[in-house]
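# Remarks on the overall topology
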Amino acid sequence: MQKTRRWIGSTLIAAIIILLASFSTLVHFITDYQWFKELGFDQVFLTKLMTQLKIGFPLFVLLTIFIFLYLQTIKKDYYKKVQTAYQGIDEKVINRIALGGAAFVSFITSTTFTGNLWFELLTYLNTTSFGVADPIFGKDISFYMFQYPLISQIYTTIISFVFLLTVITLVFYLVMMGLRRPTIFEVNDSPDEIHLRRGLNLENGKKLLHIALRQLLVLGVIFFLVLGLGYYLRTFELLYSPRGVAYGASFTDIHVTLWVYRVLMGLAFLSAILLVVGAKGKKMRLALTGPALMIAFGILGGFVEAGVQNFIVAPDEISKERQYLEYNIQYTKMAYGLESIEEKEFPAEQDLTAQDLEENREIIDNIRINDYRPANQFYNQRQGIRPYYQFNDVDIDRYMIDDEYRQVFLAAREIDINKVNEQWINRHLKYTHGYGAVLSPVNQVTAEGQPQLLIQNIPPESKIEGIEIQRPEIYYGELTNHYILTNTQEKEFDYPKGDQNAETLYEGTGGIRLNGLNKLLYAIRNGSLKMLISGNVTGDSKILMHRNINDRVQKIAPFIHYDGDPYLVINEGKLFWVIDGFTLSSNYPYAQPYIEERANYIRNAVKVVIDAYNGTTTYYLADEKDPVVQTLSKIFPQLFTPMAKMPEGIKAHMRYPQEIFDIQSDVYKLYHMNNPEVFYQKEDVWEIANQLYERKEEVMESSYMIMKLPNEDQAEFILSIPYTPKGKPNMTALLVARNDGENYGKLVTYKLPKQKNIYGPMQIETKINQDPNISKEFSLWGQQGSTYLHGDLLTIPIKNSFIYVEPIYLKADNENSLPEVKRVIVAYGDNVAYEETLEQALNKLFGTVKEEPQAPTEPVPIIEGEPQNINELIVKANQVFNQAQEAQRAGNWADYGKYIDELKTILGRLNQQETAE
């Protein structure tokens, strides 16, 4: 009875300790489940747990039984063959030790297996065929993508298990020798008894060694069998060999290394057999023959590989490696989706006329004379409104504006919580959301050289018919890195409104109610006592978590790689975020790795759309032909939605992602060559063209633009990058990704004639800097407390020719100054035009194209307390002008810029007054 009470007490204490230790994990599990369920992805969340339980628990039980029986066999042999002295230790204690050791090893093995391999197991069970076989072993690519990773990991787990089993065998022998020691002589024994016990002790030692060797023999046999399996698996790894002239199995790998692995596999199996035969016949030399042969043949194989590579392959490399080069080219193109690139010849003529430009007015009207980086500075300084508002970045998209297809910049106005006072109420209850967005066309600037805003201010004011923001609140965005509580007794700050602030209560569907135990659970999860005791938080309050859209999608589906540049879409008066999701793998045979962590397969398989107000997250299948995402769809059927169900207003803004395009364009520098000999000699390697940006030479970024491709009927939204031959500045090709309608995702290469020089971007930059009129003004600007900056150089195909367009910015040398577009350069052939506007530059090169539209003058806002009539405005203008001159004389350029801006505003009001009269 007393023992029972002790056992119950010990068990209860252990249970309490385990409960306390796992309490935090339990809270996170419950709250995570609620969060996934709120999004409609509860099955996605439970898939991992259920798989781990289905596999892990049976595996744990089976391994525990197996190891326990294995240890029991050791114990019985020990008792049977070794004389022991009874030491008062209950047999149940030994059994408990054996069971505990078995459970420990089984737990480590099963948790390691299920914790790391649950996803690989599911992909193995839900394999989707690629319909393409590897060229060496003839296995479908799905074997390498979905099955081989699991098999390889199982092999590693078995090796680790054999090692653990060896350790536990030795430990158990030590335990047995401690609890059931072999008989030894005692001090008070007679000489005869001592002699007898010495003999018994020696005999016990021999028997003990015999038992241990037999157990190690079993483990040795298992080891060599597993080692043979390892050599079989290593044959498949040859398809990822870096030895030859290109990635993948080479001549030496196939004709030497493959056979070395196969022979070593056979020798490993032979070693297992000889180990048994030698042990039974007590022939140690025979037992060690197999391992000795493996070592000798391994060394010999290494010498043969080196000899074949250096004396047979190297002297005749192109002949020996031709077939394997073809495999590398073919499979690399398939892995990166380059096999279907359409190649077209582009003559790059020099016969453009003003009439040609007029017929391609859609292109001219969408030429970007703004860059997104200066635009982002302008948005933050002029549309930030308050210090805590922040535009994280500027997105490039297209909209129908006044019935015309127009390219625009678009940015969301979010709250930077680091610029809000640190009080808990402010950060979690008050400042809960950003507000609205800013939109400007890429081809229009104001008289001051800044973006012409079509959507601006708070609340958002739109000059575009049909594009209004009716739900401007941004609860989910790129800067929303903390949880918030809504529907509390404390109203939320909505937006600044004069001397007061507009307030609101959240009306969206996002968030989890803090009723019942939820308030306690989420207070514990977030380590917030204030959440628990605050009177502002009621049962109707909600907690909104994981609001950063990048973290949000990563938590939902971490097995997908996401584009790091989400972009904003306005649809039906609401704001949505779009994130591109990619399927990646490092297991595509023969495909050259070009992605970090040696990944060599990529598809833009998913488009994730997130409602900026409600947080609703939808995964749309963008590439239903991708076998990887097909496999994921089988595993997580609740996660994905067919692309056909995406709202048309959002679908119209799908962009071919820059991340995948940049990877493809990088691969294509080399893999546009299809001839193995040309590929081997690297005769036609391309490079991404360089440009001057600001004042430094850099590799060009791929650019979104609206253009009418040659032989197409209408302009479309495309993504492009120009190439130059390696080591040369002239242009050799233009790679284009199409974005609109049925042409979405199609890649086209326009190859230029090799028999004549087509100016590349850096050659154009050189011509610009060498132009005497341009360089003179650049020098002048640099001497007047300002700096000139090069914008992005655009390479634009029109008809069968190229024109180049580059904005030139002027920036005053003070901290608060904004870059302003002051000139636009257009280059065509040997001619360069340098004018104040794009139309003027085009007119200079091609004659009259079209009268330049005047940018609409924005009404100057009337501010209470400021002078309104003409006389008062004139007095105020003189006063501000004098202040500006004083600041200039004092060298205070920041104040000078401020006074000049103020003077512009006053003169604008004067102009309005005169017009009104």
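Summarised in this report is the structure supplied together with it. For every chain, the first residue of the written sequence is number 1, and numbering continues from 1 onward in sequence order. At least 70 in pLDDT is required for a residue's local features to be given in this predicted model, at least 80 for side-chain atom pairs to be given and counted, and no such filter applies to totals for whole chains, interfaces and linings, which use all residues. Values reported for side chains reflect all heavy atoms of the structure, with hydrogen atoms and water molecules removed beforehand.

## Remarks on the pattern of salt bridges
Short version of the rule: Any carboxyl oxygen of Asp or Glu that lies within 4 Å of a side-chain nitrogen of Lys or Arg is treated as forming a salt bridge with it. Labels follow the DSSP assignment, with helices taken as runs of H or I lasting at least four residues and strands as runs of E lasting at least two, numbered in each case from the N terminus. Per-residue accessibility, obtained with a 1.4 Å probe over protein chains only, is compared with the maximum for each type, and a residue is labelled buried under 20%, exposed over 50%, and partly exposed between these values.
Counted according to the given criterion, the structure contains 33 salt bridges. A salt bridge links Asp792 to Arg373; its shortest N-O distance comes to 3.4 Å. Of this pair, Asp792 sits in the loop between strand S28 (786-790) and strand S29 (794-798) while Arg373 is found in helix H12 (residues 372-382), placing the two residues 419 residues apart along the sequence. Given a relative accessible area of 5%, Asp792 falls into the buried group. Because the salt bridges share partners, they merge into one network encompassing Arg368, Asp371, Arg373, Glu701 and Asp792.

## Topic: the packing of helix H6 (residues 251-280) against helix H9 (residues 317-335)
For the record, the criterion: Helix axes are fitted to C-alpha atoms over the stretch in contact, other axes to C-alpha atoms as well, and angles between N-to-C directions run from 0 to 180 degrees. If an angle is under 35 degrees, it is roughly parallel; if it is over 145, roughly antiparallel; if it lies from 65 to 115, roughly perpendicular; otherwise it is oblique. Residues count as neighbours in contact if any of their non-hydrogen atoms are within 4.5 Å of one another.
The contact between H6 and H9 brings their axes to 8 Å, and the two run at 100°. As judged from the angle between their axes, H6 and H9 are roughly perpendicular. Counting all contacts with H6, which are made through Phe251, Ile254 and His255, the residues of H9 involved are Lys320, Glu321 and Tyr324.

## Describing the packing of helix H8 (residues 289-313) against H9
At a closest axis distance of 9 Å, the pairing of H8 and H9 adopts a crossing angle of 115°. Where H8 approaches H9, its residues Gln309, Ile312 and Val313 are matched on the opposing element by Glu317, Lys320 and Glu321.

## So, the pairing of strand S26 (residues 733-738)
Selection criterion: Should DSSP find at least two bridges between two strands, the strands are regarded as paired.
When you tally the buried positions in S26, you get 6 out of 6 residues, the bulk of the element. Neither face of S26 is exposed, since Ala733, Leu735 and Ala737 on one face and Leu734, Val736 and Arg738 on the opposite face are all buried. The pairing of S26 with strand S27 (residues 747-751) spans 5 bridges and is antiparallel. Paired with Val736 across the bridge in S27 is Val748.

## Side note on the nonpolar core
Counted only if it meets this: Remark: nonpolar core denotes a set of buried residues (Ala, Val, Leu, Ile, Met, Phe, Trp, Tyr, Cys) joined through side-chain atoms within 4.5 Å.
In this structure, Tyr379 and Tyr588 are the most contacted members of the largest nonpolar core, which totals 94 residues. With residues near it in sequence (within four places) discarded, Tyr379 still touches Gly384, Phe391, Val394, Phe409, Ala411, Val438, Leu439, Ser440, Pro451 and Leu453. Ranked by size, the runner-up nonpolar core spans 75 residues in total, among them Leu454, Ile512, Met545 and Ile549.

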